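Working through the structure, step by step
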Amino acid sequence: MVSNVGGHEIIARALERFPNADIVSVVQACVYLEEFDLGIRLYNRLPEPTSDDTRWLGVCHFQRVEDNDASTAFQRAIDSGQQAARVNLAHLLKMS
């Protein structure tokens, strides 16, 4: 299930560019399109962000070199059961 707040066109653009991608979040689609500011804005509009949304929020912050915000998002995603965020967090900590 893709979580989405008016992001159908963003997901469509990401799938057009990456046709075999498994898009699980509108925020993920923004990351694929390198639209990190938009990803953060859309995340903040989600009524109930999933752990996938939160992981991809962390990636948006990481790409903007907002390490504290990225770390917080990755940890929240991990705490919500999104185990792939552990890899993102490890990468962030290595880079810090």
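Residues numbered from 1 in each chain as written. Predicted model: local features only at pLDDT ≥ 70, side-chain atom pairs only at ≥ 80, totals over all residues. Heavy atoms only, no water.

**As for the overall build of the protein chain**
Each helix and strand counted, the protein chain has six helices and zero strands in total. For the protein chain, whose C-alpha radius of gyration is 12 Å, the value lies close to the compact-globule estimate of 12 Å for 96 residues. Its C-alpha atoms put the protein chain at 35 × 25 × 25 Å along the principal axes. Within the protein chain, the fraction of its 96 residues that count as buried is 45%. Put simply, 37% of the contacts in the protein chain that link residues at least 6 apart link residues at least 24 apart. Of the roughly 5,600 Å² of accessible surface on the protein chain, a fraction of 50% belongs to carbon and sulfur atoms. The distance from the centre of the 9 positive side-chain charges to the centre of the 13 negative ones in the protein chain is 3 Å. (Helix = DSSP H or I, 4+ residues; strand = E, 2+ residues; numbered from the N terminus. Rg over C-alpha atoms; globule rule 2.2 N^0.38 Å. Buried < 20%, exposed > 50% of the residue type's maximum accessible area, 1.4 Å probe, protein only. Contact = heavy atoms within 4.5 Å. Areas by Shrake-Rupley, 256 points an atom, 1.4 Å probe, with all protein chains shown as cover. Lys, Arg positive; Asp, Glu negative; His and termini not counted. Charge placed at Lys NZ, Arg CZ, Asp CG, Glu CD.)

**Re the packing of helix α5 (residues 67–79) against helix α6 (residues 85–95)**
Helix packing geometry: the angle between the two helix axes and the distance between the axes. For the pair α5 and α6, interaxial distance at closest approach is 9 Å and the crossing angle is 155°. The orientation of α5 with respect to α6, classified from their angle, is roughly antiparallel. As α5 packs across α6, the resulting crossing turns out to be left-handed. Contact with α5, carried on its side by Asp-67, Ala-70, Ser-71, Phe-74, Gln-75, Ala-77 and Ile-78, involves Ala-85, Arg-86, Asn-88, Leu-89 and Leu-92 of α6 and no other residues of that element. The residue inventory of the contact of α5 with α6, partitioned by class, reads seven nonpolar, three polar and two charged. (Axes fitted to C-alpha atoms, helices over the stretch in contact; angles between N-to-C directions. Parallel < 35°, antiparallel > 145°, perpendicular 65-115°, else oblique. Left-handed = near helix turned anticlockwise from the far one by under 90°. Nonpolar A, V, L, I, M, F, W, Y, C, P; charged D, E, K, R; others polar.)

**Regarding the packing of helix α4 (residues 51–63) against α5**
At a minimum axis distance of 8 Å, the contact between α4 and α5 shows a crossing angle of 165°. With respect to their mutual orientation, α4 and α5 come out roughly antiparallel. α4 and α5 meet at a crossing whose hand is left-handed. Contacts between α4 and α5 involve Ser-51, Thr-54, Arg-55, Leu-57, Gly-58, Val-59, His-61 and Phe-62 on the former and, on the latter, Asp-69, Ala-70, Ala-73, Phe-74, Arg-76 and Ala-77. Considering only residue class, the contact of α4 with α5 consists of seven nonpolar, four polar and three charged.

**Notes on helix α1 (residues 8–17)**
Looking only at α1, the buried set comprises Ile-10, Ile-11 and Ala-14. Take α1 and look down its axis: the buried residues cluster within an arc of 100°, on one side only. Exposed side chains of α1 directed beyond 90 degrees from the buried face belong to His-8 and Glu-16. (Arc of directions from axis to C-beta.)

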